[in-house]
Structures are given as C-alpha cells and as structure tokens.
Amino acid sequence: AQPTYLGTTINGCPVAQFNGTNSYFTLPNFMSSATAGEVFVVLEAATAQPIQPRGLWHFGNSTASSLDVYPGTDETIADDFGSANWHDLGVLSQPLTQFNVYELSSQETNWAAWLNGVLLYQTNNNTVGFNHSPTLGASQDYYGQSSNNFHFAGDIAEVLVFSRALASEERTTV
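Here is a short report on the structure shown in this document.

Cut-offs applied
- Residues numbered from 1 in each chain as written.
- Predicted model: local features only at pLDDT ≥ 70, side-chain atom pairs only at ≥ 80, totals over all residues.
- Heavy atoms only, no water.
- Salt bridge = Lys/Arg side-chain N within 4 Å of Asp/Glu carboxyl O.
- Helix = DSSP H or I, 4+ residues; strand = E, 2+ residues; numbered from the N terminus.
- Buried < 20%, exposed > 50% of the residue type's maximum accessible area, 1.4 Å probe, protein only.
- Pairing = 2+ DSSP bridges.
- Axes fitted to C-alpha atoms, helices over the stretch in contact; angles between N-to-C directions.
- Phe/Tyr/Trp six-rings, centres within 6.5 Å; stacked < 30°, edge-to-face > 60°.

Description of the pattern of salt bridges
So, point 1. Evaluated as defined, the whole model comprises 3 salt bridges.
So, point 2. Its salt-bridge partner being E38, residue R171 comes within 2.7 Å of it at the nearest N-O pair. With a gap of 133 residues between them, R171 in helix α1 (residues 168-173) and E38 in strand β4 (residues 36-45) connect regions that are remote in the sequence. Taken individually, R171 and E38 each receive the classification buried, so the pair is uniform in this respect.
So, point 3. The shortest N-O distance in the salt bridge between R171 and E103 comes to 2.8 Å. A residue pair is termed long-range when its members are at least 10 positions apart, and R171 in helix α1 and E103 in strand β8 (residues 100-107) qualify at 68 residues. The residues R171 and E103 share a single accessibility class, namely buried.
So, point 4. A single salt-bridge network, built from bridges that share partners, covers E38, E103 and R171.

Below, the structure written as structure tokens:
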C-alpha cells in the first residue's frame, strides 16, 4: 500500500503521508554498490512517542538487533543509513512532530547525522554498507522482515539521496 498524496501541506507543496500501518515504498537496488552516500529528508512524525517504534526506512546493512527508528517509543532516533553499524542518536531537542530536515552521511570511517543543519552525532566507527532491498516508510527487523510495528507514521515532503558524501559547501547548498 502506497502512502497518501496530500496536496498543499508544507508551504503549498505536497507531501506523502504514511499511515504507520502498511504504507511504504519498496525502492530499486540503486545504492548497493555505493562506497559512500548522503541523504536529506524533509519530514514530520505523527507523534513523538508512538506506542510502537516507527521505522523511517531501510537503507543500511547493519546486523544489529535494533531498528532504524524515527521515532522510538521514548522519542529517540536511531539509524544505520549506508552503514554496517547501528547508531543511536538519542532524544533530539527539536520537536519531531514539526517539519525538519534530517540528514545522514555515510563514508568509510565517518558517519554523521544532522537535524536542520545542526550536527547531532558523528563517529569515525563506520563501515559502509547499503541494503540491497531499500524501503522508504518502513524499516525491517534484523531478520530482514518488515512488520507493521516498524512503519513510519507522518509526512515526508522530499527525499534526496546521493551516491557519495557531500562536501560542506554542497551540503549548505542543499
């Protein structure tokens, strides 16, 4: 089931609304051979403290027993975009129920996350790894199974995925 198209939600522009139950996109295998990557997504969560964790996407290749969550039941964010490592970003200071620009960058020995241009997390503990069956609007558990508990609930206005890490000037331009 695809998300619902909503016409004029953010600054008169459309969004895709994900219902948290069964709406998501299965994407083509376009990043599996990438050696680095960066993603920008403009989104808002339906609630900051869902009853079940919500999975934004499945772009990473982590074997951790944890999920990509946006948000978790305790308002936390965790992600493995383009990584064989899972990264816990913790509780963010900005409200997740308002539109934010969430950005992640994965390259060998460097993984970083920003929210609205502010660096949230960075580590040199990273091994690049992209999933062969990426999704948008749903995460998968560590057995590779999608579950209704792991579907995103909220609105996504835009997603930009790059097959390389951007320079700081390029990041500012985006």
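The discussion continues.
Examining the sheet that holds strand β1 (residues 4-10)
So, point 1. Within the open sheet, the 7 strands sit side by side as β1-β2-β14-β4-β8-β9-β10. Their pairing is antiparallel. At either margin of the open sheet sits one strand with a lone partner, and together these are β1 and β10 (118-123). Direction aside, the axes of adjacent strands within the sheet are offset by 30° on average.
So, point 2. Two elements, strand β9 (residues 110-115) and β10, share 5 bridges in a ladder whose sense is antiparallel. If you follow W114 over to β10, its bridge partner there is L119.

Considerations on the packing of aromatic side chains
So, point 1. Scanning the entire structure with this criterion turns up 12 aromatic pairs.
So, point 2. Taken together, a centroid distance of 6.0 Å and an interplanar angle of 65° make the contact between F18 and F152 edge-to-face. With F18 in strand β2 (residues 13-19) and F152 in the loop between β13 (146-151) and β14 (153-162), this pair connects stretches of sequence that are 134 residues apart. The two residues F18 and F152 agree in class, both being buried.
So, point 3. Relative to F130, the ring of F81 has its centre 5.5 Å away and its plane inclined at 85°; by these criteria the two rings are edge-to-face. Residue F81 is found in the loop between β6 (76-79) and β7 (87-91), and its partner F130 is found in strand β11 (residues 130-136); the two are separated by 49 residues along the sequence. By the burial criterion, F81 is buried, and F130 matches it.
So, point 4. Through successive ring pairs, a cluster of aromatic residues spans F18, F25, F30, W57, F59, Y70, F81, Y102, F130 and F152.

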